[in-house]
Amino acid sequence: MYGHRHSCGERRYARHGFGLGGRFGGHQRGGRGGRLGRVFDQGDLRYVLLQLISEQPRHGYELIKAIEERFGGIYSPSPGVIYPTLSWLEDMGYAVPETENGARKRYHITAEGQAFLAANRAGIDALFSRIDTAGTDRPKGVPAPVVRGMENLKLALRLRLRSGPVDQSAAEAIAAALDAAAQTIERS
């Protein structure tokens, strides 16, 4: 659904000026709305996940949705970055999983995790300040999943159109997909 791959590691990118300065270094191209590099610097995601787990125990999927909501729909992390980071937090003793119904793990913070957050509080607060600022770029009243979908569609079109010439059959297929999406949206 939104698995565009890029060479910078993470699959999806935040937009609208997020990541400029601070610890988020990214490679901005273009002006407002230009694509940025990775959303999180090395290690930032572990702070985000651990802080969210400290607020309340959560499953991996709940963490993905919480991050997407904080970003106002302009960024949603992939399971491919969330679950390895959760495993790292578990290996370090900062979070422990509680298995529910045989398979799903709900992560809880440990005393070591609380100490890790306390030792890094200033950086974590600055990180969340930037995340919360990025989440305000969403148009008012537009739900986060709709913004995410619009951004993914724009990115897919941009990548396809930049990858080379579009022959007649490809152009017709793209137009048909866009028309079908427009009709579905009008009926919703």
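Values in this document were obtained by computation on a predicted structure and should not be read as measured data.

Engineer: Go over the overall build of the protein chain with me, naming the residues and quoting the values.
Structural biologist: Across its full length, the protein chain carries seven helices and two strands. Mapped in sequence order, the helices and strands of the protein chain form the string α-α-α-β-β-α-α-α-α. Of all 188 residues assigned to the protein chain, the portion counted as buried reaches 36%. Across the protein chain, every contact between residues at least 6 apart in sequence was considered, and the portion connecting residues at least 24 apart equals 56%. Of the roughly 10,300 Å² of accessible surface on the protein chain, a fraction of 55% belongs to carbon and sulfur atoms.

Engineer: Would you mind going over the packing of aromatic side chains in detail, with residue names and values included?
Structural biologist: The way to describe two aromatic rings as a pair is by their centre distance and the angle between their planes. Counting across every chain of the model gives four aromatic pairs. Aromatic pair W88 and Y94: ring centres 5.9 Å apart, planes at 65°, arrangement edge-to-face. A relative accessible area of 28% places W88 in the partly exposed class. Residue Y94 is classed as buried on the basis of its relative accessible area of 13%.

Engineer: So what's going on with the packing of helix α2 (residues 60-70) against helix α3 (residues 79-91)? Which residues, and what values?
Structural biologist: Remark: α2 packs on α3, axes separated minimally by 10 Å, with the N-to-C direction vectors making an angle of 120°. With respect to their mutual orientation, α2 and α3 come out oblique. Our pair here, α2 against α3, has a crossing hand that is right-handed. Of α3, the residues touching α2 (which contributes G60, Y61, L63, I64 and I67) are P79, I82, Y83 and L86. Here the contact of α2 with α3 is built from residues that sort into eight nonpolar, one polar and no charged.

Engineer: Mind laying out helix α1 (residues 44-55), listing which residues take part and the relevant values?
Structural biologist: The terminal C-alpha atoms of α1 lie 17 Å apart, and with 12 residues this matches the ideal 16 Å at 1.5 Å per residue to within 8%. In terms of burial, α1 is a largely internal element, nine of the 12 residues being buried. Among the residues of α1, D44, L45, Y47, V48, L49, L50, Q51, L52 and I53 are the ones counted as buried.

Engineer: I'd like a rundown of the nonpolar core, residues and numbers included.
Structural biologist: Grouped together as the largest cluster of nonpolar side chains are 28 residues, with contacts concentrated most on V48, L49, I67 and L86. Only α1, α2, α3, α4 (111-119) and α5 (121-134) provide two or more residues apiece to this core. Of the residues forming this core, the biggest block, seven residues, is contributed by α1. The contact partners of I67, leaving out residues within four places of it in the chain, are L45, V48, L49, L52, Y75, P77 and I82.

Engineer: Describe the environment of F71, listing the residues and the values that go with them.
Structural biologist: Turning to its location among the elements, F71 is positioned in the loop between α2 and α3. A sequence separation of 61 residues divides F71 from D132, and the C-alpha atoms of the two residues are 6.5 Å apart.

Rules used in this analysis
- Residues numbered from 1 in each chain as written.
- Predicted model: local features only at pLDDT ≥ 70, side-chain atom pairs only at ≥ 80, totals over all residues.
- Heavy atoms only, no water.
- Helix = DSSP H or I, 4+ residues; strand = E, 2+ residues; numbered from the N terminus.
- Buried < 20%, exposed > 50% of the residue type's maximum accessible area, 1.4 Å probe, protein only.
- Contact = heavy atoms within 4.5 Å.
- Areas by Shrake-Rupley, 256 points an atom, 1.4 Å probe, with all protein chains shown as cover.
- Phe/Tyr/Trp six-rings, centres within 6.5 Å; stacked < 30°, edge-to-face > 60°.
- Axes fitted to C-alpha atoms, helices over the stretch in contact; angles between N-to-C directions.
- Parallel < 35°, antiparallel > 145°, perpendicular 65-115°, else oblique.
- Left-handed = near helix turned anticlockwise from the far one by under 90°.
- Nonpolar A, V, L, I, M, F, W, Y, C, P; charged D, E, K, R; others polar.
- Expected span 1.5 Å × (residues − 1).
- Core = buried A, V, L, I, M, F, W, Y, C linked by side-chain atoms within 4.5 Å.

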